[in-house]
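Structural characterization, general
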Amino acid sequence: MKKVLSTVLLIGLLFSMAAAKTNAKKDTKAPSAAAAKSQDFDGWVSDEKCGAKVDAECSKKCQAAGAKMVFVTPERAVIPVANQETLKNFAGQHVNIKGKLDNGVLSVDSVKPAAK
């Protein structure tokens, strides 16, 4: 009787350990709850040196000198841009951007000049 009871307890223990291991694997594959959603942004392209003082000629010179491009909102908030190459032809311009804002950094999906 003791041998049967020991075997049953051992099997139960093994099953509970296997279930715990399976649940741990599921938790590590869970998607991030804070995933950024694509949004539309209206504002200007500037460089990190000029910031909210948008000046097309200055931004082009700073960009040529290696300054990073930034996005400036109508409220004059300066937002860093992850994928710099998307803005290379828009220095100093008013633009419409589709992209994702994640941890204060804008990832640009598409950019076009704003309608005049």
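Quick notes on the rules
Residue positions are given per chain, counted from 1 along the sequence in the order it is written. Two thresholds apply to this predicted model, a pLDDT of at least 70 for residue-level local features and 80 or more for giving and counting side-chain atom pairs, whereas whole-chain, interface and lining totals are computed over all residues. The side-chain quantities take in all heavy atoms of the structure and omit both hydrogens and water. What makes a salt bridge here is a side-chain nitrogen of Lys or Arg within 4 Å of a carboxyl oxygen of Asp or Glu, nothing more. Secondary structure elements are taken from DSSP: a helix is a run of H or I of four residues or more, a strand is a run of E of two residues or more, and numbering for both begins at the N terminus. Accessible area is worked out with a 1.4 Å probe on protein chains only. A residue is then buried under 20% of its type maximum, exposed over 50%, and partly exposed in between. The set of buried Ala, Val, Leu, Ile, Met, Phe, Trp, Tyr and Cys residues whose side-chain atoms join them within 4.5 Å is what this entry labels a nonpolar core. In this analysis, two residues are considered to be in contact whenever any of their non-hydrogen atoms come within 4.5 Å of each other. Aromatic pairing here means that ring centres of Phe, Tyr or Trp (its six-membered ring) are within 6.5 Å. Orientation follows from the plane angle: under 30 degrees is stacked, over 60 is edge-to-face, and everything else is tilted. Here, a charge over a ring is recorded when the distance from Lys NZ or Arg CZ to the ring centre is within 6 Å and its angle to the ring normal is within 35 degrees.

**A few points about the pattern of salt bridges**
As enumerated under the stated definition, the model contains two salt bridges in all. When the shortest N-O distance is used, the salt bridge between Asp40 and Lys98 registers 2.9 Å. Of this pair, Asp40 sits in strand 1 (residues 38-47) while Lys98 sits in strand 4 (residues 94-102); the two residues are 58 residues apart in sequence, bridging distant segments of the chain. Here Asp40 falls in the exposed class, since its relative accessible area comes to 56%. Among the residues examined, Lys98 registers a relative accessible area of 43% and is labelled partly exposed.

**Digging into the nonpolar core**
Formed by 14 residues in total, the largest nonpolar core has its most connected members in Phe71, Leu87, Val95, Ile97, Leu106, Val108 and Val111. In terms of residues, this core owes the most to one element, strand 5 (residues 105-113), which gives three residues. When residues no more than four places from it in sequence are discounted, the contact partners of Val111 are Thr86, Leu87, Phe90, Val95, Asn96 and Ile97.

**Comments concerning the packing of aromatic side chains**
According to the stated counting rule, one finds one aromatic pair in the structure shown. Both rings, one in Phe41 and one in Phe71, keep their centres 6.2 Å apart while their planes meet at 75°; by these two values the pair is edge-to-face. Of this pair, Phe41 sits in strand 1 while Phe71 sits in strand 2 (residues 69-72); the two residues are 30 residues apart in sequence, bridging distant segments of the chain. Looking at Arg76, its charged tip hangs above the ring of Trp44, at a distance of 5.3 Å from the centre.

**Considering unusual backbone geometry**
The backbone of Arg76 sits at a positive phi, close to 70°, despite the residue not being glycine. Inspection of the secondary structure assignment puts Arg76 in the loop between strand 2 and strand 3 (78-80). Judged by relative accessible area, Arg76 falls into the partly exposed class, the value being 45%. Phi angles above zero are rare outside glycine, and Asn103 is one such case at about 55°. When its relative accessible area of 75% is taken as the criterion, Asn103 is described as exposed.

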